[in-house]
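# Structural description and commentary
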Amino acid sequence: MSDLFLVGNASGFSGDRIDAAPPVVRALVRSGRPAALFFECLAERTIALAQIEKRRDPEAGYEPMLERLLEPILADCAKAGIPILGNFGAANPVAAARCVARLARRLGMADLRIGVVTGDDVSGTVDLDALPVHEADAGLDMSSWRMVSANAYIGAAPLAEALAQGAQVVVAGRTSDPSLAIAPLMHHFGWAEDDWQALALGAACGHLLECGSQVTGGVFWDPGFKDIPDPANIGFPIAEVSRDGAMVITKPRDTGGLVDLRSVKEQLLYELHDPAAYLTPDVVMDITGVTLEQSGKDRVALHGVRGHARPERLKVTACYEGSWLGEGEVSVAGPNALARARATADVLLERVEQRGLARRARADLIGVASVHDSDEGALWRSYDGPEPPDIRIRLAVESTTRDNADQAAREVLAMLCCGTAGTSGARWRVTPRILTRSFLVPREMVPTEIRVLEARAWN
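These numbers come from a predicted model, not from an experiment. (Residues numbered from 1 in each chain as written. Predicted model: local features only at pLDDT ≥ 70, side-chain atom pairs only at ≥ 80, totals over all residues. Heavy atoms only, no water.)

## Things to note about the overall build of the protein
Along its length, the protein carries twelve helices and 19 strands. When its C-alpha atoms are laid out on the principal axes, the protein stretches across 70 × 50 × 45 Å. When contacts within the protein are restricted to residue pairs at least 6 apart in sequence, long-range pairs at least 24 apart make up 78% of them. As presented, the protein carries roughly 19,800 Å² of accessible surface, and 51% of it is formed by carbon and sulfur atoms. (Helix = DSSP H or I, 4+ residues; strand = E, 2+ residues; numbered from the N terminus. Contact = heavy atoms within 4.5 Å. Areas by Shrake-Rupley, 256 points an atom, 1.4 Å probe, with all protein chains shown as cover.)

## A look at the packing of aromatic side chains
Throughout the structure, instances matching the rule amount to three aromatic pairs. Between Phe-39 and Phe-88, the ring centres sit 5.9 Å apart and the planes meet at 50°, which makes this aromatic pair tilted. With Phe-39 in strand E2 (residues 35-39) and Phe-88 in the loop between strand E3 (84-86) and helix H5 (93-106), this residue pair connects regions lying 49 residues apart in the sequence. Residue classification places Phe-39 among the buried positions, given a relative accessible area of 0%. (Phe/Tyr/Trp six-rings, centres within 6.5 Å; stacked < 30°, edge-to-face > 60°. Buried < 20%, exposed > 50% of the residue type's maximum accessible area, 1.4 Å probe, protein only.)

## Overview of the domain arrangement of the protein
We note that the domain assignment places domain 1 (4-121 + 151-312 + 443-457) and domain 2 (318-438) within the protein. Of note, the centres of domain 1 and domain 2, computed from C-alpha atoms alone, are 39 Å apart. Facing the six residues of domain 1 at the interface are six residues of domain 2. A combined buried area of about 530 Å² lies between domain 1 and domain 2, and 59% of that area is made up of carbon and sulfur atoms. Considering only the surface of domain 1 that becomes buried against domain 2, Glu-44, Arg-45 and Ile-52 emerge as the three largest contributors, covering 63% of it. Joining domain 1 to domain 2, the criterion identifies one salt bridge. Residue Arg-55 pairs with Glu-321 through a salt bridge whose shortest N-O separation is 3.5 Å. The tally of links from domain 1 across to domain 2 stands at two residue pairs in polar contact (both at pLDDT 80 or more). When the residues that make up the side of domain 1 that touches domain 2 are grouped by side-chain class, the tally is three nonpolar, no polar and three charged. (Domains from an automatic or database assignment. Buried area = accessible area lost by both parts, 1.4 Å probe. Salt bridge = Lys/Arg side-chain N within 4 Å of Asp/Glu carboxyl O. Polar contact = N/O pair within 3.5 Å; in protein donor to acceptor, adjacent residues only side chain to side chain. Nonpolar A, V, L, I, M, F, W, Y, C, P; charged D, E, K, R; others polar.)

## Quick look at helix H6 (residues 157-164)
Among the residues making up H6, those that are buried are Pro-158, Leu-159, Ala-160, Ala-162 and Leu-163. Trailing H6 by a residue or two, Gly-166 shows a phi angle of about 95°, which is positive.

## Regarding the sheet that holds strand E7 (residues 169-172)
Overall, mixed pairing links the ten strands, which are arranged E12-E13-E9-E8-E1-E2-E3-E7-E4-E19 in an open sheet. Looking along the sheet, the strands with just one partner apiece sit at the ends: strand E12 (291-296) and strand E19 (449-454). Each strand axis lies, on average, 20° off the axis of its neighbour in the sheet, ignoring direction. Inspection of the sheet shows strand E1 (residues 4-9) paired to strand E8 (residues 238-242) by five bridges, in the antiparallel sense. Each residue of the ladder has a partner; that of Phe-5, found in E8, is Val-241. Where helix H9 (residues 261-268) meets the sheet, its contacts fall on E12 and strand E13 (299-303), and the angle it forms with E12 comes to roughly 145°. (Pairing = 2+ DSSP bridges. Axes fitted to C-alpha atoms, helices over the stretch in contact; angles between N-to-C directions.)

## Quick notes on the pairing of strand E15 (residues 313-333)
For E15, a buried count of 15 out of 21 residues is recorded, marking the element as mostly surrounded by other parts of the structure. Pairing analysis gives six bridges linking strand E6 (residues 146-152) to E15, with the strands arranged antiparallel. Bridge assignment links Met-147 to a residue of E15, and that residue is Tyr-320. The pairing of E15 with strand E18 (residues 424-442) spans 17 bridges and is classified as antiparallel.

## Things to note about the nonpolar core
Counting 65 residues, the largest nonpolar core has Leu-128, Cys-205, Leu-208, Met-247 and Val-305 as its most contacted members. Sorting elements by how many residues they give to this core places helix H8 (residues 196-209) first, with nine residues. Counting only domains with at least three residues in this core, you end up with domain 1 (4-121 + 151-312 + 443-457) and domain 2 (318-438). When residues no more than four places from it in sequence are discounted, the contact partners of Leu-208 are Val-215, Met-247, Ile-249, Val-264, Gln-267, Leu-268 and Leu-302. (Core = buried A, V, L, I, M, F, W, Y, C linked by side-chain atoms within 4.5 Å.)

Spelled out as structure tokens, the structure:
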């Protein structure tokens, strides 16, 4: 058994670059070391959107780009003995496994062993009303909310068991992000489920890699202040993990981006509410004693992470359809654009109020003020800076019905003839608003199941 194991990441969310994996796989193969590759494809609302897709089509509800993500690297990974793990199963892990199996058979790999971990979907098995609320927006009226999904964040053990059963691809739904890295490390090094120190190292590995290129320069990148080379070809991260507790973060040498103390520190602190107690299903990670060292070009070593016993409860995030979002945009340009944009925004808000279409509405003047403004438009109303050459007016409404949201958004379209001079480029759309509330559930209430079959058997 090798004392050094490599973990690569090729996706930080659903919608990430689909060509990120090949350079990572080439680097893993070139190293000659035992390795694994994982794809992190879920945000809190992603699985709810996947459940909505599954309602429309029982064979949908998993990562829509799954085949495109895996096709360029599946054969190379299998040949090199690099297992692939991912929560790309989303709301439908079994259908995702069938998708991987179809791809494998098409590539002449009918003997590829595909494992599926299920059990995270607790929407029909756990009474959420009897559980303590962990995270929720204050002051929300839940009386009209309809549940879309409820998924527990499962840990690494069942994924590691799938690897132990010979799975070359492990498909899961809602896992903890760090667990996707912990699992292959558990399997390779034989870590016990209560080896808190080892598991903390794995959690640090997963936490640093889980957002893909964020640790290799993405989001970190700020032109003129924090520049990175070749951002169009930013490389995705690789962790070199040692049995003795050391770890180095790096990236493929033929890619853009960078790995330095700044990028690693930013990702290490990302979403870290308590540096002494970062909660995962597998371990509580403590980074208060961590030291970082630039050990070479695009190489940062991490030491000193500590681990404590895992939480007794698992986080369950429930998603609800609470209302509808209607959005519309239209542009004005040229002399007097600011006055025309303000007038357009005021008319749109007045029209929505006249027709009683929204319980909440706001207008933004993109190019003047939008990101940091209030619903009342305090910033764009008081703006006295230079006149922008063009402005995009955005109307957003929250409505109780889809039809009301659609009607409100269409008021933007009407401005093509009813609006000011030079109004153009209207668009609108309506989407369900997904609201979330998280709970804590005893882990014994979330049993998992593991199934490993050859691709020829997944039908």
